[in-house]
Each structure stands twice: as C-alpha cells, then as structure tokens.
Amino acid sequence: MLRHATLAFAIAALAILLGSSRLSADVVAIRGGTIIPSPGKVIENGVIVIRDGRIESVGAGVAIPAGAEIIDAEGLTIYAGFIDASTSVGLGEITRPEGQAVGRRVDTRRSAAAHTEETYRKGTSPEILAADFLELDVKGAEGHWKSGFTAALLSPPSDVLAGQSAFVSLSGAPRREAIIASPVAMHGSFSSRGRGYPATLMGCMAHFRQVFLDAKRHRDLERLHNDHPAASNRPPYDPSLTALRPVIDRNMPMVLRASSELGIRRAMRMADEFSFDVILDGGREAWKIAPVLAKSAVPVLVSLGFDKEPKLEEESKDGQKDDTAKDDTAKQPKSWAEQDHKKRFAAPKRVQLANHHKWEQTVKNASVLAQERVKFVFGTQGKAKDFLGELRLAIEHGLSEEEALRALTTRPAALFGVDGSLGTIAAGKAAHLTLMNGTLSTDKASVAFVFVDGEKFEVAGKKKASKEAESTDAEPSGPATLPGTWTVTVVSERGENEMTWKIQQDGRKYSGTLTSRFGDMEMTSATLSDNDVNLTFVSDFDGNEFELKFSGKITGDTAKGSMETPMGEAEWSAERTAKPKGAAR
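Residues numbered from 1 in each chain as written. Predicted model: local features only at pLDDT ≥ 70, side-chain atom pairs only at ≥ 80, totals over all residues. Heavy atoms only, no water.

This part takes up the side chain of Thr87. Structurally, Thr87 is set in strand β6 (residues 82-87). Among the residues examined, Thr87 registers a relative accessible area of 2% and is labelled buried. Within polar-contact distance, the side chain of Thr87 engages the backbone nitrogen of Val89 at 3.1 Å. (Helix = DSSP H or I, 4+ residues; strand = E, 2+ residues; numbered from the N terminus. Buried < 20%, exposed > 50% of the residue type's maximum accessible area, 1.4 Å probe, protein only. Polar contact = N/O pair within 3.5 Å; in protein donor to acceptor, adjacent residues only side chain to side chain.)

Now for the sheet that holds strand β15 (residues 376-378). Strand order in the open sheet made by the six strands is β8-β11-β12-β13-β14-β15, with mixed pairing throughout. Looking at strand neighbours, the two that pair on one side only are β8 (161-164) and β15, the edges of this open sheet. On average, each strand axis in the sheet is tilted by 25° relative to the strand beside it, whichever way the strands run. In terms of strand pairing, β8 meets strand β11 (residues 186-188) through three bridges, oriented antiparallel. (Pairing = 2+ DSSP bridges. Axes fitted to C-alpha atoms, helices over the stretch in contact; angles between N-to-C directions.)

We now examine the packing of aromatic side chains. Under the criterion given, the structure shown has 19 aromatic pairs. An angle of 90° between the planes, with centres 5.8 Å apart, marks the rings of Phe537 and Phe550 as edge-to-face. Highlighted residues: Phe537 in strand β23 (residues 532-541) and Phe550 in strand β24 (residues 544-555), separated in sequence by 13 residues. Since its relative accessible area comes to 0%, Phe537 is described here as buried. Taken together, Tyr79, Phe82, Phe149, Phe376, Phe378 and Phe387 form an aromatic cluster joined through their ring pairs. Directly above the ring of Phe376 sits Arg411, whose terminal nitrogen or CZ lies 5.1 Å from the centroid. Lying over the aromatic face of Phe449, Lys456 brings its terminal NZ or CZ to 4.8 Å of the ring centre. (Phe/Tyr/Trp six-rings, centres within 6.5 Å; stacked < 30°, edge-to-face > 60°. Lys NZ or Arg CZ within 6 Å of the ring centre and 35° of its normal.)

As a further point, take the pattern of salt bridges. Following the criterion strictly, the structure yields 18 salt bridges and no others. In this structure, the salt-bridge partner of Lys579 is Asp557, at a minimum N-O distance of 3.7 Å. One end of the pair, Lys579, is in the segment after β26 (568-578); the other, Asp557, is in the loop between β24 and β25 (558-565), with 22 residues separating them in the sequence. Within the structure, one salt-bridge network assembled from shared partners comprises Arg219, Asp220, Arg223 and Asp249. (Salt bridge = Lys/Arg side-chain N within 4 Å of Asp/Glu carboxyl O.)

For the bond running from Ser182 to Pro183, omega is -10°, close enough to zero to count as cis. Within the element layout of this structure, Pro183 appears in the loop between β10 (179-181) and β11. A positive phi angle, near 65°, is found at Lys444, a position not held by glycine. Along the chain, Lys444 turns up in the loop between β16 (433-436) and β17 (447-452). Of the residues examined, Lys444 reaches a relative accessible area of 71% and is grouped as exposed.

Confidence in the prediction of the chain, expressed as mean pLDDT, is 82, and 79% of residues score 70 or more. Under a pLDDT of 50 for its full length, residues 114-119 has, in the predicted model, 16 contacts with residues more than four places off or in other chains. When the criterion is pLDDT under 50, residues 319-330 qualifies, and its contacts beyond four places in sequence or with other chains add up to 17 contacts. (pLDDT = per-residue confidence, 0-100. Contact = heavy atoms within 4.5 Å.)

Moving on, we get to the sheet that holds β10. Two strands in a sheet stick together by hydrogen bonds in their backbones, pointing the same way (parallel) or opposite ways (antiparallel). Spatial strand order, β6-β7-β9-β10: four strands in an open sheet with mixed pairing. Looking at strand neighbours, the two that pair on one side only are β6 and β10, the edges of this open sheet. Across the sheet, the mean angle from the axis of one strand to that of its neighbour is 30°, orientation sign disregarded. Examined bridge by bridge, strand β9 (residues 166-169) and β10 share two bridges and lie antiparallel to one another. Following the sheet pairing, Phe167 is matched in β10 by Ala181.

For the rest of this paragraph, the subject is the packing of helix α4 (residues 201-227) against helix α7 (residues 261-274). Taken N-terminus to C-terminus, the directions of α4 and α7 make an angle of 20°; their axes are 11 Å apart at the nearest point. Taken together, the axes of α4 and α7 lie roughly parallel to each other. Handedness of the α4/α7 crossing: right-handed. Mapping the contact onto sequence places Leu201, Met205, Phe208, Arg209, Phe212, Leu213 and Lys216 in α4 and Arg266, Met270, Glu273 and Phe274 in α7. (Parallel < 35°, antiparallel > 145°, perpendicular 65-115°, else oblique. Left-handed = near helix turned anticlockwise from the far one by under 90°.)

All right, on to the environment of Gly172 then. Tracing the sequence through the fold places Gly172 in the loop between β9 and α3 (175-178). Look at Gly172 and you get buried, because its relative accessible area is 17%. Along the backbone, Gly172 and Glu142 are 30 residues apart, and their C-alpha atoms lie at a distance of 9.0 Å.

Mapping Trp572 onto the fold places it in strand β26. Taking the relative accessible area as the measure of exposure, Trp572 reaches 4% and is therefore buried. For the pair Trp572 and Ser551, spaced 21 residues apart in sequence, the C-alpha to C-alpha distance is 9.2 Å. One polar contact links the side chain of Trp572 to the main-chain carbonyl oxygen of Ser551, over a distance of 3.3 Å. Polar side-chain contacts of Trp572 include one of 2.9 Å to the backbone oxygen of Ser562.

Set out below in structure tokens:
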C-alpha cells in the first residue's frame, strides 16, 4: 500500500514538473555576478546558494554544495526581487455581494443603516478580499517578470471602497501557495465605476464619508451592547461596516487613489477627519506638496507611466511649422492626408514651454520626493511593460539609483509587513531575485531571469521570441491616420468612462464628434504630425462652454495619451473600430 502511494506521488510530481515552465532543483548556486544585497551594498563576484526556496547563504567566499545546479551570472547584476506596490493584474472577475433587501422601514435613529437596499451601498464593498479572486498563472505573471517584479500588492479595481488587498508571490503557483499576506490594506477612491449616484466627485466623497460614519456608529453600538447587553439592543449584522473596523481603529491602512494635488489634499483631509492611516496611490503631482507629505509621514505609491516628451517646435514667420525637407529628392506626399502630417500650425512658444515644464516636473516627481524624504514606493497600476524604461527616465532626471532600488525592494517590504522574508538578499529569506544584464540606470538593460520562491523563470529568451513574432506578424508601418470610428476609454480619479470619436477628413480639414453618456461634443480642432495627435472637443452645457483636449500618439489603429478637462487631467486609450468606406485595413 505504501509502495503504491509513493509511486503515485512520484508520478504526480513528475507530471507537475513536465507540465510547468519552471526550472527547478533542490539546491541552486548562482556565482560570478555583482550582488546588490540591499541598497548601497555591493558584493563583487559573489555566490548565492538557494535551498528549498530560501536563501541558504550569500557572500564572496561562499562554498558551493556538491550536486548543486550552478548558474553562471558573470556580467549580470543581481537584485532582491522587485515589488509592485499597486496592481490588479492577476485578479479574476470580482463578484460583489447583493444588497440586503428590506421588508420594513429602517429606523436610522436607533442603529446604523445596515439593512439597506443595494442602491445605498453602491461602490462600497470593503468586505471584498482580493485573495479570494486570485487567478494568477505563469502566463499572467510573465509581464511582471520582464520588468523584474517577483511580488506584488494586488487590490480590487478602483471604487469608492473597493475592498482589501493581498500581498502575493508572482510565481504562478496555486492561490494557497502564492498568497504571502492577506488582508493587507483597505483600498478606495473618490470615484465610482458605475452610472448614477454617486457618479460625481462630490457624491463619491459624501458616500465615502457616510459609510465611515455608519461604520463608527456600528462599532460603538456593538461595544455598548457587549458591555451592557441587558440595557441595549444588538446592532444588526453588517459585513461591510465590520470590515472597516480595522481601518477606523488604525489597525489597517487605507490606500486612497489620488494623483493630482487637489486629490492628494482631499485624501489627507479625509484621513484627518476619520483618524485613519492613509497611503496615497498614484501621486503624479505629489512633488507639488512634498514638504507636506514629509511632515505628515504619508507614504506614496508612485505611478510612473509618463507621457511622451512634448516637442519644442520652431515656427516660421507666418506661424506655421517649417518642416521643409532638406533633401530635394525626398519622396513627395501622395495625398492631402500625408501632406497634413508634414505641416501643421505649431502652438505658441509659451504654451510649448509650459507643456514641456509640466512633463519635466512629472518625470522629476520621484526625485523631489526623495529629496524631501517622503516615503515612496513604485506601483505599476497594471502597466508593468514599460516600467524599466520609465524608471531610467526618472533616474536621468535626478533620482538616484540607490533610492530607486530602495523604492522597489526594502521600502515596500517594510511598508506591507513582509520585510522578514523579502526586500533584501540575505540568509533565511525567500529566494526572490532579479538578474539583469546591466544596472537599473544602464540604457536598454533587460531582465535575464528571475527567481520567485526559489523557482527560476527565464525572461530574455521569451522576450527575444516575442520580438521575432512581432516582426513577422505586425502590419506594415505607415503614416498615422485619424478618420474613422474610435472607442475611447478615459481613466481618471473619478473612474473609468467610455466615449466614441467619429472623425471625417475632407482634404486637409478634419471634422467630427465625441459621443458619451452626456451627449455629443463637436470637434473644433485637430492636428496630426507624424504619429502625434491633438484633438479639441467643445460642448455647451447649460449655457457654459467647456473643452476636452486630447493629446497623444497613434500607432496603427490604437492610440493613447493624456486629456485636459475643466476638472483636471485624465489618461485615455483608444482603438479604431471602423475605418471610412474604401480605406485600407
């Protein structure tokens, strides 16, 4: 019987090994690389021994055990595995609990409004646990490996009160093996993803405030009943209000999505009002109030995701951009559309300089926070693909490499309470390592492979294969075009909205409309130079005109960029779903 059980176990283990892309061994020794065990420390030509998923020893004179798999890391830089402090990648579809229907009127003078219809709790599900919806497999984790991430804080998608995050290992292992800590923090924002109340910023803030008032009252009523059961009624059961108790008792931090200066100030005021510990998620304009953040000791989950650097264009005497080709033999435009790509009216110099200064300050954000000693870490918000390039841009604009590494390793590990096992390369810690063919600041340096919980995952080979596939399958590149129907997704602090562009072209002139759930807006200007697009739409709302200004880059039938609105900035992405009749696809 025992023999059969042992045989079955061996067959199962073999099946798992053959069916996985992991390369594993009981003992692994990495030798010959430059080891950065923690920010500011270096071990040249060192050795790291890994046994059973943990680091057994590390140093310059470490002996390699007999029979160990040896990995030659000569020319590579070895960091502790990077930590993504803000993402929802790897979470399956989150099902939110149904509202509690009532059969009688609720007397809110006597108890917190627990038995309410779903309408009154829309956008608030603090009892949701991200750990319950983790569906991250090896394929889903690959995008993070390419940027060096081996662990992440996963939170439910943004909502007024979205739920509680989990800290997970990006190993692609089953849920019970991947989850390191849960719950970690409560997550929320002053935005709602659905239609109807609370759709506005004011409504979301009022909604947020009311739920916290209810939670405090529910806690007080329960304490009163526990202390004096004969003199008070038991408060109604309410999982949402109970889930907020660790936050209002300051046993769990509240992560609030806030990118603009005003959004950051709102979040901090709300934290002061309800006396909870706040962490800011986004923080693109945190540099504007860095001294305030430093004084308040408020951590920031900094999102990079920079826009393309604005061009400073020279204007001709008549105000038109002079792009005359120097080579008289250059190919002439075939159509008015192509000719329009070569010439357009440039913005006034002061506007160009203002836009460039704004972009530059955003890129310097992390550097300013470091100078002011603000505790910040990096979060991708689901956009890990371009992270290393954006990080190098931040380093070029003043962020030290040591401070960048601290924000990727030791600081997030300490912030989320996992520094006992992650964040540095040391004996006894989990084997989370990132091996790069260069340093964080080396131009075009990439991740060769990562170790997650002692498992080795190749990255460079897959990246090369992916590029080869792209060169074979990609559509021929050509001049960008505007005409057609575009589905546009706009993401801001207030939530996510979908719009539609319908753009026509007549000679060198563009016309079109923007359609959203608020109606139609007319396009008043459009410019396209190479792949850079700028669009302005105007609407008359109750006698008041307001503009939406889109700027970004078109690549084939997709585009993305930033948008200016009367209420602040937002990010947008678009996909062309239909071209004009007769246009080549």
